[in-house]
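Spelled out, the chains give:
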Amino acid sequence: IEYEAFDKMAAHQFHLLFDQMETRWPIESVRVVHRIGRVNVNESSLWVEVVAPHRGEAFAACQWLIDEMKRVVPIWKKPLL
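Right, let's walk through the structure included here. These numbers come from a predicted model, not from an experiment.

### Examining the pattern of salt bridges
Then comes step 1: Going through the model one piece at a time under the given rule, you end up with four salt bridges.
Then comes step 2: For the salt bridge of Glu43 with Arg35, the shortest nitrogen-to-oxygen distance reads 3.3 Å.
Then comes step 3: Assessed through its relative accessible area of 38%, Glu43 is described here as partly exposed.
Then comes step 4: Residue Arg35 is classed as partly exposed on the basis of its relative accessible area of 32%.

### Some thoughts on the layout of surface pockets
Then comes step 1: By volume, the largest pocket is sized at about 240 Å³.
Then comes step 2: What lines the largest pocket is Tyr3, His34, Ser45, Leu46, Ile66, Met69, Lys70, Val73, Ile75, Trp76 and Lys77.
Then comes step 3: Going through the elements one at a time, helix H2 (55-72) and strand S5 (75-78) are the ones with two or more residues in the lining of the largest pocket.
Then comes step 4: The residue makeup of the lining of the largest pocket, split by class, is seven nonpolar, two polar and two charged.

Criteria and cut-off values
- Residues numbered from 1 in each chain as written.
- Predicted model: local features only at pLDDT ≥ 70, side-chain atom pairs only at ≥ 80, totals over all residues.
- Heavy atoms only, no water.
- Salt bridge = Lys/Arg side-chain N within 4 Å of Asp/Glu carboxyl O.
- Buried < 20%, exposed > 50% of the residue type's maximum accessible area, 1.4 Å probe, protein only.
- 1 Å grid on protein atoms, 1.4 Å probe; cavity = no way out; pocket = protein on both sides within 12 Å on 5 of 7 lines; lining within 4 Å.
- Points joined across faces, edges and corners; volume = space filled by probe spheres on them.
- Helix = DSSP H or I, 4+ residues; strand = E, 2+ residues; numbered from the N terminus.
- Nonpolar A, V, L, I, M, F, W, Y, C, P; charged D, E, K, R; others polar.

Here is the structure:
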């Protein structure tokens, strides 16, 4: 798979999502790495770290972030033949 992104808009959208997360959960920190370019089979394309006082909050926030990221962050994937 190859990923492309509109970098400035992607960064802006991620910051908006992080701000929304802080209003919904007691998040201590968030880190996201989404690879751009070619990602081979069995390689990770996304790494998310959410630190919160309780794991349930961290998991809920992580799930929400991934769902919203797919919806609003301009990162596109295209299969390689």
